[in-house]
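Coordinate inspection notes
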Amino acid sequence: MNKSSSFLKHYSSSLILLGAISIGCILGLIFKEKSVVFKPFGDIFLNLLFTIVVPLVFFSISSAVASMNNIQRLGKIILWMMVVFTVTGIIASVLMLIAVHIYPPAEGINVTMPGITHFQELNVSDQIVKAFTVADFADLMSKKNMLALIIFALLIGLSACTLGEKAKPFTAFLVSGSAVMMKAISYIMFYAPIGLGAYFAYLIGVLGPQLLGTYARAMAIYYPVAIAYFFIGFSFYVFLAAGKKGLKIWWPNIMPAAVTALATSSSMATIPVNLEAAERIGVPVDIREMVIPIGSTIHMDGSCLSAVLKTAVLFGLFHMDFSSPWAMVTAVGVALLSGTVMSGIPAGGFLGELMIVTLYGFPIIAMPIISMIGTLVDPPATMVNAIGDNVSSMLVARILGGKNWQNLPK
């Protein structure tokens, strides 16, 4: 009886979400194209998350930094966060590299080459400036400028931290603001079963047939690899971070965030649920409120998987040798840049694809081909991207806090 009640306690929210999603999928199969009527109910949920994500990111990061008594710890968190982001990105890229050599994605793909498309030339230096800064304070209030907001929040938090006693009231305000945002998230999540169920009804009914089109072979590679990385790879990372005890508490708490990412295809929209999960898992507040918001912008294991797949598809379509050491090493390098550095730049996905095309000398008409692949694999890619941030926060906590870092609920 105790085991049953314990199971329901840990998995009740996940079971409710999965039940709502299952109903949504059934409705999508029944109503097909008419399932578009469910989309507004899903949009409401997505809009609520997007509305809260900007103040949430600001308060969580600034309060975490402002509350630090040791600036050296901040530096260590950022250092090890970047190390973890880089290592997991390389691992994801290498796994996809192995997969595309076992099962070449371009075999059997019949793609009609479109006419030459004129793309607007992007000035990379301007894009970098726009990524890290904005011209007006009001522009920070947009989720489109998330990296600039993160830098601003770090600056405000660091200023409050270094001022010490003088900034105590302001620091208290930041901490209180973070608590209020987290409470607001808990209220929004009451609507999650309806919102996510409606979104899945729309996805299955309206977009489902598109997933069985020309790019089926590419998806037949990406989806299993992404799912395997999610279940096996993340379980391994969690085990390294927190052992068997960590695994037992991680899985029931992470599923709402995973489902949110899968349904919305937005790492930003998943930040609130991801932070809530990290709190329940026991990740220290200063680590989770740094790693997860920043990771949602510059840490994309799912995008690393996608970048290698796109490269392999183009090599196959244009009958180029993808087995050479140079091709494989550069593919991993490009994937790492796409999944970390460029993911934080406006139009970063486009820049990553443009880098793939130009680096290997493909004609510009290759752009629409890999752009479509990116669209079709977006849901599982986003799930891997978002949940990878949660896992990374646990790994950083393990590195900085030792074996007994976690404050796991009993």
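From a predicted model like this one, the values you see are computed outputs, not experimental measurements.

1. Things to note about the overall build of the protein
Helices and strands together make up the secondary structure of the protein, namely 15 helices and 0 strands. A total of 410 residues make up the protein; the buried ones form 53% of that total. When contacts within the protein are restricted to residue pairs at least 6 apart in sequence, those whose partners lie at least 24 apart make up 83%. For the protein, the exposed area adds up to about 18700 Å²; of that, 68% sits on carbon and sulfur atoms.

2. Observations concerning unusual backbone geometry
The backbone phi angle of K32 is positive, close to 50°, even though this residue is not glycine. In this fold, K32 is placed in the loop between α1 (2-31) and α2 (39-66).

3. Quick word on the packing of aromatic side chains
Enumeration according to the criterion identifies 19 aromatic pairs in this entry. For the pair F230 and F231, a centre-to-centre distance of 4.9 Å together with 90° between the ring planes defines the contact as edge-to-face. The class for F230 is buried, based on a relative accessible area of 1%. When the centroid spacing of 5.4 Å and the interplanar angle of 15° are considered together, the rings of F231 and W251 count as stacked. Accessibility expressed as a relative area gives 17% for W251, which makes it buried. Ring-pair connections join several aromatic residues into one group, and the members of that group are Y229, F230, F231, F234, F236, Y237, W250 and W251.

4. Let's talk about the pattern of salt bridges
Summed over all chains, the structure comprises 4 salt bridges. Between K39 and D43 there is a salt bridge, and its shortest N-O distance comes to 3.1 Å. Placement of both K39 and D43 in helix α2 is noted, with a separation of 4 residues, approximately one turn of the helix. Residue K39 is classed as partly exposed on the basis of its relative accessible area, which comes to 24%.

5. Points about the packing of α2 against helix α6 (residues 168-188)
Running from N to C, α2 and α6 cross one another at 150°; their axes reach a closest spacing of 8 Å. Regarding the angle of α2 to α6, the classification is roughly antiparallel. The hand of the α2/α6 crossing is left-handed. Between α2 and α6, the residues in contact are F45, L48, L49, I52, P55, L56, F58, F59, S60, S62, S63 and A66 and T171, F173, L174, V175, G177, S178, M181, M182, A184, I185 and I188, respectively. Of the residues contributing to the contact of α2 with α6, the split by class is 17 nonpolar, 6 polar and no charged.

6. Here's the deal with the environment of R398
Tracing the backbone shows R398 in helix α15 (residues 378-401). Placed 157 residues apart in sequence, R398 and A241 show a C-alpha to C-alpha distance of 5.2 Å.

7. Here's the deal with a nonpolar patch on the surface
Taken together, the side chains of L79, W80, V83, V87, I90, I91, V94, L95, I98, I102, Y103 and I399 present a nonpolar region at the surface, about 990 Å² in accessible area. Top contributing element to the nonpolar patch by residue count: helix α3 (residues 71-102), with 10 residues. With respect to the helices and strands, V94 occurs in helix α3.

8. Some words on α6
Given a rise of 1.5 Å per residue, 21 residues ought to cover 30 Å, and the 30 Å separating the end C-alpha atoms of α6 matches this to within 8%. Those residues of α6 that sit buried are T171, L174, G177, S178, M181, M182, I185, S186 and I188.

9. Regarding the environment of A312
You can see A312 is positioned in helix α11 (residues 301-317). Each C-alpha atom of the pair A312 and A331 lies 8.5 Å from the other, and the pair is 19 residues apart in sequence. When neighbours within four sequence positions are excluded, A312 is seen to be in contact with V100, P105 and F322.

10. Remarks on the nonpolar core
Core analysis: the largest hydrophobic core is formed by 125 residues, its most contacted members being M96, F234, W250, L309, I387 and M394. Counting residues per element, this core draws most heavily on helix α8 (residues 216-264), which supplies 22 residues. With sequence-adjacent residues up to four places away left out, L309 is seen in contact with M96, V100, P105, A218, I221, Y222 and I373.

11. Digging into the side chain of N274
Inspection of the secondary structure puts N274 in helix α9 (residues 267-281). A polar contact of 3.2 Å, which involves the side chain of N274, links it to the side chain of N390. With residues up to four places along the chain from it excluded, the contact list for N274 reads I254, A257, I292, A386, I387, D389 and N390.

12. Observations concerning the packing of α2 against helix α10 (residues 285-298)
Contact pair α2 / α10: the axes reach a minimum separation of 9 Å and the direction vectors enclose 140°. As the angle between them shows, α2 and α10 are arranged oblique. Considering only the axes of α2 and α10, their crossing is left-handed. On the side of α2, the interface is formed by V57, S60, I61, S63, A64 and V65, while α10 contributes V285, D286, E289, M290, P293 and I294. Among the residues making up the contact of α2 with α10, the classes are represented as 8 nonpolar, 2 polar and 2 charged.

13. Examining the environment of D136
Structurally, D136 can be placed in the loop between α4 (124-132) and α5 (146-163). According to the relative accessible area criterion, D136 is partly exposed, its value standing at 44%.

14. A word on the confidence of the model for the protein
Confidence along the protein averages 81 in pLDDT terms, with 82% of residues attaining 70 or more. At the low end of the mean pLDDT range in the protein sits helix α13 (residues 348-359), at 65; at the high end sits α15, at 91. Segment residues 111-122 is flagged for pLDDT under 50; beyond a separation of four residues in sequence, or across chains, it makes 22 contacts in the model.

Reading the values: the criteria
- Residues numbered from 1 in each chain as written.
- Predicted model: local features only at pLDDT ≥ 70, side-chain atom pairs only at ≥ 80, totals over all residues.
- Heavy atoms only, no water.
- Helix = DSSP H or I, 4+ residues; strand = E, 2+ residues; numbered from the N terminus.
- Buried < 20%, exposed > 50% of the residue type's maximum accessible area, 1.4 Å probe, protein only.
- Contact = heavy atoms within 4.5 Å.
- Areas by Shrake-Rupley, 256 points an atom, 1.4 Å probe, with all protein chains shown as cover.
- Phe/Tyr/Trp six-rings, centres within 6.5 Å; stacked < 30°, edge-to-face > 60°.
- Salt bridge = Lys/Arg side-chain N within 4 Å of Asp/Glu carboxyl O.
- Axes fitted to C-alpha atoms, helices over the stretch in contact; angles between N-to-C directions.
- Parallel < 35°, antiparallel > 145°, perpendicular 65-115°, else oblique.
- Left-handed = near helix turned anticlockwise from the far one by under 90°.
- Nonpolar A, V, L, I, M, F, W, Y, C, P; charged D, E, K, R; others polar.
- Patch = residues over 30% accessible without salt bridge, like charges linked within 9 Å, V, L, I, M, F, W, Y side chains within 5 Å.
- Expected span 1.5 Å × (residues − 1).
- Core = buried A, V, L, I, M, F, W, Y, C linked by side-chain atoms within 4.5 Å.
- Polar contact = N/O pair within 3.5 Å; in protein donor to acceptor, adjacent residues only side chain to side chain.
- pLDDT = per-residue confidence, 0-100.

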